[in-house]
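Chain residues, written in single-letter form:
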There are 2 protein chains.
Amino acid sequence: MNPDTAPLAIGYDDIIAAAARLAGQAHRTPVLTSTTLNTRTGAQVFLKCENLQRMGAFKFRGAYNALAQFTPGQRRAGVIAFSSGNHAQAIALSARLLGMPSVIVMPQDSPAAKLAATRGYQQGQAGSEVMLYDRYTEDREAIGRRVAEERGMTLIPPYDHPHVMAGQGTAALELIEDTAAGGPLDLLLVCVGGGGLVSGCAVAAHHLNPGIRVVGVEPEAGNDTQQSLALGRIVHIDTPKTIADGAQTQHSGTLTFPVIQRLVERIVTVSDAQLVQAMRFAAERLKQVVEPTGGLGLAALLCGVVAAPGQRVGVIVSGGNVDIARYAALLADGAV
Amino acid sequence: MNPDTAPLAIGYDDIIAAAARLAGQAHRTPVLTSTTLNTRTGAQVFLKCENLQRMGAFKFRGAYNALAQFTPGQRRAGVIAFSSGNHAQAIALSARLLGMPSVIVMPQDSPAAKLAATRGYQQGQAGSEVMLYDRYTEDREAIGRRVAEERGMTLIPPYDHPHVMAGQGTAALELIEDTAAGGPLDLLLVCVGGGGLVSGCAVAAHHLNPGIRVVGVEPEAGNDTQQSLALGRIVHIDTPKTIADGAQTQHSGTLTFPVIQRLVERIVTVSDAQLVQAMRFAAERLKQVVEPTGGLGLAALLCGVVAAPGQRVGVIVSGGNVDIARYAALLADGAV
């Protein structure tokens, strides 16, 4: 099929429908501006603060949108997910809000804080649990398949699912709505892991502002999507070494990649040192706690990887979940 | 004069007039909520995030409101202030926005970051400067008087001024407006240094919600206002040793204290360790960088100094200006 005309996994209507499902459940997160940031970049920058989303990241939007579409039978049996990161917490919280059991499969050596946070979101929901596995000797996919079959649970993947993509696209929808009074955005910067957020946002943005350029930002060490765009096919890489743990994906999805090919102008990369600079800037000037992955878009702009003088630029600040001791260490060592 | 009927320095009309002057200049800062905070305190908590105000603190509101009322002659000569803290930056920025010179008198051993920030806000405004003095051998009041006389400049004090108090009261005005849809607030927690913020907020709050209780929060080591309320007169103390540098005032003002006596139910105190707990909570759960003084109200609620189960509680988070290295150290050592 011609990739320029083949139907994409989601359209703008799916994002509008997701927004209706999320109303009253997700926060309409604030859009922050900073005179210092504008002066430094020469652009007019609008930061969509998904670090202030429920459970601290945009992932809630996709998870809730997916779970809200379960049939009554699916709801009774519940949801299963593999994740030690924001997707785990997003599924755990969304399931509880919708009154369904969740099983989150996590490595047994996950940080205690992450296990506690996930269990905290499951609290009060019968049938919910964190299931631990040994990542050196056990196969999480096999565990997941067995549990899903035994309990009739539905697996929700972190990005390669149309409902997840559409839910995540509501972040760009809100950003564009909330900045529309001043005119359209010229540029939108979005972090890229598996591509769920950037693909949803690109669909929303191009529908509302046909002239917008959507640029994805990956960590330097994990530029699989950049490589994939260059080669025109999904490239698989080893798990990249980067502090941007939310973008340590090995490849984009079969549903997300065609959207990226069609609607994302290009992918740029930033180094871990640039991410730390962005995190420090966010703390010092924006008073925002941003996790490394959440700083990808800001870092690209702040460090001049993307120059946009005179333009109106939207940036999705995707999350703020970072272990506080680690965060303190990054801020302290951050004079990079 | 009977303290119960004597006219106060400001009324509600002054706050409304201040709000009109600040429109388009000050940020209407967001009001954040946190399910975790609500669960932990049993209250419904609304955090007015003045750490997201221009220059990072509520002080901008008072400074701009004062300077905007200068006569043409006063504007030409400009403004002078003594401060090494948020008031300095608030005056410097407001003066530049209004196109007038500012002289900020600061100790020569002020942290380089604070000097740079203040000079940054003065940039591009002719006649503006930071004037350094040696706090061990020189008298800043004498320096200020001399410069003010020589240059015809107007001194704006950090809190004991009706325009400053009225401007700062707009923080509570906005908070109450933005939460009104859910009903009136039962309780408002405000940090107390010299009393400018709490007095302005108390006037706004009592006008809009006559049944509200306004509670001030001081650092344990600097409870001069608590003592003053007990004795019925302004008590002077030595400069208190506390990490809440914005509340290291030695006494409340002759204009602020009568308002506090009339409209503030009581003053409670929190320890430095409780402030660090609040800062950590703000970073971890709210993703907000809060300076120690900015965490006074939150600490009182979070640590149970003030209990408000079942109530709707407003908290002014007053600022986010903290040296990042120091902030990182406080977060890292924060398991208090």
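Everything in this summary refers to the structure shown in the same document.

Each value, and the rule that gives it
Residues numbered from 1 in each chain as written. Chains lettered and ligands numbered in written order. Predicted model: local features only at pLDDT ≥ 70, side-chain atom pairs only at ≥ 80, totals over all residues. Heavy atoms only, no water. Helix = DSSP H or I, 4+ residues; strand = E, 2+ residues; numbered from the N terminus. Rg over C-alpha atoms; globule rule 2.2 N^0.38 Å. Buried < 20%, exposed > 50% of the residue type's maximum accessible area, 1.4 Å probe, protein only. Contact = heavy atoms within 4.5 Å. Lys, Arg positive; Asp, Glu negative; His and termini not counted. Charge placed at Lys NZ, Arg CZ, Asp CG, Glu CD. Least-squares fit on C-alpha atoms with pLDDT ≥ 70 in both. Buried area = accessible area lost by both parts, 1.4 Å probe. Salt bridge = Lys/Arg side-chain N within 4 Å of Asp/Glu carboxyl O. Nonpolar A, V, L, I, M, F, W, Y, C, P; charged D, E, K, R; others polar. Pairing = 2+ DSSP bridges. Axes fitted to C-alpha atoms, helices over the stretch in contact; angles between N-to-C directions. Right-handed = clockwise from strand over helix to strand, strands pointing away. Disulfide = S-S within 2.5 Å. Arc of directions from axis to C-beta. Polar contact = N/O pair within 3.5 Å; in protein donor to acceptor, adjacent residues only side chain to side chain.

**A word on the overall build of chain A**
Within chain A, the regular secondary structure consists of 14 helices and 10 strands. For chain A, the C-alpha radius of gyration of 19 Å lies close to 20 Å, the compact-globule estimate for 336 residues. Its C-alpha atoms put chain A at 55 × 50 × 40 Å along the principal axes. Buried positions account for 59% of the 336 residues belonging to chain A. Sequence separation of at least 24 residues holds for 76% of the intrachain contacts in chain A that already meet a minimum separation of 6. If the 27 positive side-chain charges of chain A are averaged to one point and the 28 negative ones to another, these points end up 5 Å apart.

**Here's the deal with the relation of the copies chain A and chain B**
Laying chain A over chain B is done by rotating through 180 degrees and shifting 0.0 Å along the axis; what remains is an RMSD of 0.0 Å. Expressed as an axis order, the relation between the two copies is that of a two-fold axis. Within chain A, Ala-328 of chain A has its C-alpha nearest the rotation axis, a separation of 2.2 Å. Interface residue correspondence from chain A to chain B reaches 100%, placing this contact among same-surface, isologous pairings.

**Digging into the interface of chain A and chain B**
Chain A puts 25 residues into the contact, and the matching count from chain B is 25 residues. Surface buried jointly by chain A and chain B totals about 1800 Å² across both partners, of which 64% is contributed by carbon and sulfur atoms. The largest share of the area that chain A buries against chain B comes from Lys-287, Val-289 and Ile-324 of chain A, three residues that together contribute 33% of it. Between the two partners, chain A and chain B, sit 0 salt bridges. For the side of chain A that touches chain B, the elements supplying multiple residues, two or more each, are helix H12 (272-286) and helix H14 (324-332) of chain A. Across the side of chain A that touches chain B, the residue classes tally to 12 nonpolar, 8 polar and 5 charged.

**Brief notes about the sheet that holds strand E9 (residues 266-270) of chain B**
All names here are of chain B. The strand order E1-E2-E10-E7-E8-E9 describes an open sheet built from 6 strands, whose pairing is mixed. Strands at the two margins of the open sheet, each flanked by one partner only, are strand E1 (31-32) and E9. Bridge count between strand E7 (residues 187-191) and strand E8 (residues 213-219): 5 bridges; the pairing is parallel. Residue pairing across strands places Cys-191 opposite Val-217, the latter belonging to E8. Of the strands in this sheet, E1, strand E2 (44-49), E7 and strand E10 (312-317) touch helix H8 (residues 162-179), which is tilted by about 145 degrees from E10.

**A closer look at the pairing of strand E5 (residues 129-133) of chain A**
Residue and element names in this part refer to chain A. In this structure, strand E4 (residues 102-107) lies alongside E5, joined through 5 bridges in parallel fashion. If you follow Met-106 over to E5, its bridge partner there is Leu-132. Each parallel crossover has a hand, and for E4 linked through helix H6 (residues 112-122) to E5 it is right-handed.

**Let's talk about the pattern of salt bridges**
Residue and element names in this part refer to chain B. Following the criterion strictly, the structure yields 22 salt bridges over all chains and no others. Between Glu-177 and Arg-28 there is a salt bridge, and its shortest N-O distance comes to 2.8 Å. With Glu-177 in helix H8 and Arg-28 in the loop between helix H1 (12-22) and E1, this residue pair connects regions lying 149 residues apart in the sequence. Close ionic contact of Arg-61 with Glu-50 constitutes a salt bridge, the shortest N to O distance being 2.6 Å. Residue Arg-61 is found in helix H3 (residues 59-67), and its partner Glu-50 is found in the loop between E2 and H3; the two are separated by 11 residues along the sequence. Assigned by exposure class, Arg-61 and Glu-50 land together as buried.

**Re the state of the cysteines**
A complete count under the given rule lists 0 disulfides over all chains for this structure. Between Cys-201 of chain B, a cysteine without a disulfide, and Cys-191 of chain B, which holds the nearest cysteine sulfur, the sulfur-to-sulfur distance is 8.6 Å.

**Description of unusual backbone geometry**
All names here are of chain B. We note that Met-55 has phi near 55 degrees; this positive angle belongs to a residue other than glycine. One non-glycine residue, Lys-287, adopts positive backbone phi at about 60 degrees. What makes Lys-287 buried here is its relative accessible area of 5%.

**Regarding H14 of chain A**
Regarding H14 of chain A, the residues found buried are Ile-324, Tyr-327, Ala-328, Leu-330 and Leu-331 of chain A. End-on, the buried residues of H14 of chain A take up no more than an arc of 165 degrees, which puts them together on one face. Looking at the buried positions of H14 of chain A, the neighbouring elements they touch are H12 of chain A together with helix H12 (272-286) and helix H14 (324-332) of chain B. Where H14 of chain A starts, the residue carrying a side-chain oxygen 3.3 Å from the main-chain nitrogen of Ala-325 of chain A turns out to be Asp-323 of chain A.

**Here's the deal with the sheet that holds strand E8 (residues 213-219) of chain A**
Residue and element names in this part refer to chain A. One open sheet accounts for 6 strands, arranged E1-E2-E10-E7-E8-E9; its pairing is mixed. The open sheet has two edge strands, strand E1 (31-32) and strand E9 (266-270), and neither has a second partner. Relative to strand E10 (residues 312-317), strand E2 (residues 44-49) is paired through 6 bridges, and the arrangement is parallel. Each bridged residue has a counterpart across the sheet, and for Cys-49 the counterpart in E10 is Val-317. In the packing of helix H10 (residues 224-231) onto the sheet, the strands contacted are E8 and E9, and the crossing angle to E9 comes to about 145 degrees.

That is the geometry; function is a separate question.
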